[in-house]
Amino acid sequence: MNRYAVLVCAALTVAVVPAAGQQRLKSEKARILVETVARGLDHPWGLAFFSDGRMLVTERAGHLRIVSPDGQVSRPIAGVPRVYVYEGGLLDVALDPKFTENRLVYLSYGEPREGGAATAVGRARLNAANAALENFQVIFQQQPAVANANHFGSRLIFAPDGKLFISTGERGNSDLAQDLSTDLGKLIRINPDGSAPPDNPFVRRKGARPEIWTYGHRNIQGLAFHPDTGALWEGEFGPTGGDEINIIEPGRNYGWPLVSWGENADGSAIPRPPTRPDLVDAIYHWTPSVSFSGMTFYTGNAIPSWRGDLLLAGLASQALIRLTLDGTHVTGEERVPVGERIRHVAQGPDGFVYILTDEDGRILRLRTDR
Ligand SMILES: [Ca+2]
């Protein structure tokens, strides 16, 4: 435990939640032991790990807390911006790649703004002694804000080169996912200070927003870098059916709402065929929807038989979804039933699989039952 972590622990701990109850799940490849790390969180959404295993956890209604591996839950950290709560709210959290030096924390959230709301990202310095975020600075504001409660994305992930990717949704304005003068339905790539990198694909296109990396997305709530190829993979919600896994290539069009493997929720038709040669097709899709939020490639040692698999957090499906892969080809799918809506899945620095349950607000830790 480093000095910083000790300070956080001493300053914030208000309750100790014992590891109450274990559960066992049967996977095709392993018997899984599930331990409850913490409970009583209010719709936990995002998760980021300090190097010692402590976690920063967002709650949708606008709270950020620190949770220790033994279940100590801090009171809310001060300095989180006001958020627009519905499908939005406080969403993802990420640590700066140089966090041990600069203590910068990044948050994505639904931002209430004139005209409605939109996804925003800000960063601030975490002051452990005062249990507060300091000098909060907004580095991305999705344009435009719209009066609609849906499809905010949003996941945050740093690339190995230090660039920050932000996933968004189209905020219920499907056609604007194709409009490069808006940030709706786009994958965003920025420098950590919010500026657009000069090698972004639309920097020199007149009328296009320079922060856009890819477009034609509906609502992206999964982002993960492939551990071997380094490619960025994303997962997004389809309309009715048509949830997708895509591999990201800069500047490309991912098709929404021109094509989809699903159907519009209002019954109107989406043109067939469900893909076109000029649009990037999903590498995998689901109908009916599994509605997943959060995904990670598993590389740890706690569940060796899952290594190399892509894990997805199933909401409506109430399952941890495990995809086996051969390169970019999905070779198999297993749904490990958890019995709760799962909002996020991540791998801890200890190699364990962590999942956030949406309704009953638990952090669960999974490993092979030896
Ligand atoms: Ca698509």
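Remember, predicted model here, so these are calculated numbers, not experimental data.

Coordination of the calcium ion by the protein involves E244 (OE), E244 (OE) and Y254 (O), with metal-donor separations of 2.3 to 2.5 Å. One end of the pair, E244, is in strand β18 (residues 243–247); the other, Y254, is in the loop between β18 and β19 (284–286), and ten residues separate them in sequence. Taken individually, E244 and Y254 each receive the classification buried, so the pair is uniform in this respect.

To continue, consider the sheet that holds strand β23 (residues 329–337). Read from one edge of the open sheet, four strands run β20-β21-β22-β23, paired in antiparallel fashion. What marks the edges here is a single partner per strand, and that holds for β20 (292–297) and β23. Each strand of the sheet is rotated relative to its neighbour by a mean of 20°, with strand direction disregarded. Sheet topology note: the strand β22 (residues 319–326)/β23 ladder contains eight bridges and is antiparallel. By the bridge assignment, L325 is partnered in β23 with V330.

Checked against the element boundaries, T324 lands in strand β22. Aside from chain neighbours lying at most four places away, what touches T324 is K29, D309, H329, V330, T331 and G332.

The four strands are arranged β12-β13-β14-β15 in an open sheet whose pairing can be described as antiparallel. In this open sheet, the two strands that pair with only one neighbour each are β12 (156–158) and β15 (212–215). Strand-to-strand twist of the sheet, defined as the mean angle between neighbouring strand axes without regard to direction, takes the value 20°.

This brings us to the pattern of salt bridges. All chains considered together, the criterion is met by 22 salt bridges. For R54, the salt bridge is made with D52, and the minimal N-O distance between the two is 3.2 Å. Given the relative accessible area of 6%, R54 is considered buried. Across the pair R322 and E334 runs a salt bridge whose closest N-O atoms are separated by 2.8 Å. Of the two residues, R322 sits in strand β22 while E334 sits in strand β23, which places them twelve residues apart along the sequence. Overall, R322 belongs to the buried group, its relative accessible area being 1%.

Let's shift gears to the packing of aromatic side chains. Summed over all chains, the structure comprises eleven aromatic pairs. Put simply, the rings of F165, W213 and F225 touch in pairs and so form one group of aromatic residues. Over the ring of F152 we find R171, and its NZ or CZ is 3.8 Å from the ring centre. Here the basic side chain of R218 rests over the ring of W256, its NZ or CZ set 5.4 Å away from the ring centre.

Those residues carrying the UniProt feature "domain: Glucose/Sorbosone dehydrogenase" (unreviewed entry) are residues 41–365 in this numbering. Within the segment residues 41–365, helix and strand shares are 1% and 41% respectively, and the terminal C-alpha atoms sit 15 Å apart.

Right, let's get into the environment of P274. Following the sequence through the fold, P274 ends up in the loop between β18 and β19. A relative accessible area of 14% means that P274 is categorised as buried. For the pair P274 and Y354, spaced 80 residues apart in the sequence, the C-alpha separation amounts to 35 Å. Every residue in contact with P274, bar those within four places of it in the chain, is listed here: V259, S260 and W261.

The rules behind these values
- Residues numbered from 1 in each chain as written.
- Predicted model: local features only at pLDDT ≥ 70, side-chain atom pairs only at ≥ 80, totals over all residues.
- Heavy atoms only, no water.
- Donors = N, O, S within 2.8 Å, 3.2 Å for Na, K, Ca; no water.
- Helix = DSSP H or I, 4+ residues; strand = E, 2+ residues; numbered from the N terminus.
- Buried < 20%, exposed > 50% of the residue type's maximum accessible area, 1.4 Å probe, protein only.
- Pairing = 2+ DSSP bridges.
- Axes fitted to C-alpha atoms, helices over the stretch in contact; angles between N-to-C directions.
- Contact = heavy atoms within 4.5 Å.
- Salt bridge = Lys/Arg side-chain N within 4 Å of Asp/Glu carboxyl O.
- Phe/Tyr/Trp six-rings, centres within 6.5 Å; stacked < 30°, edge-to-face > 60°.
- Lys NZ or Arg CZ within 6 Å of the ring centre and 35° of its normal.
- UniProt positions renumbered as here; feature names shortened; annotations may be inferred.

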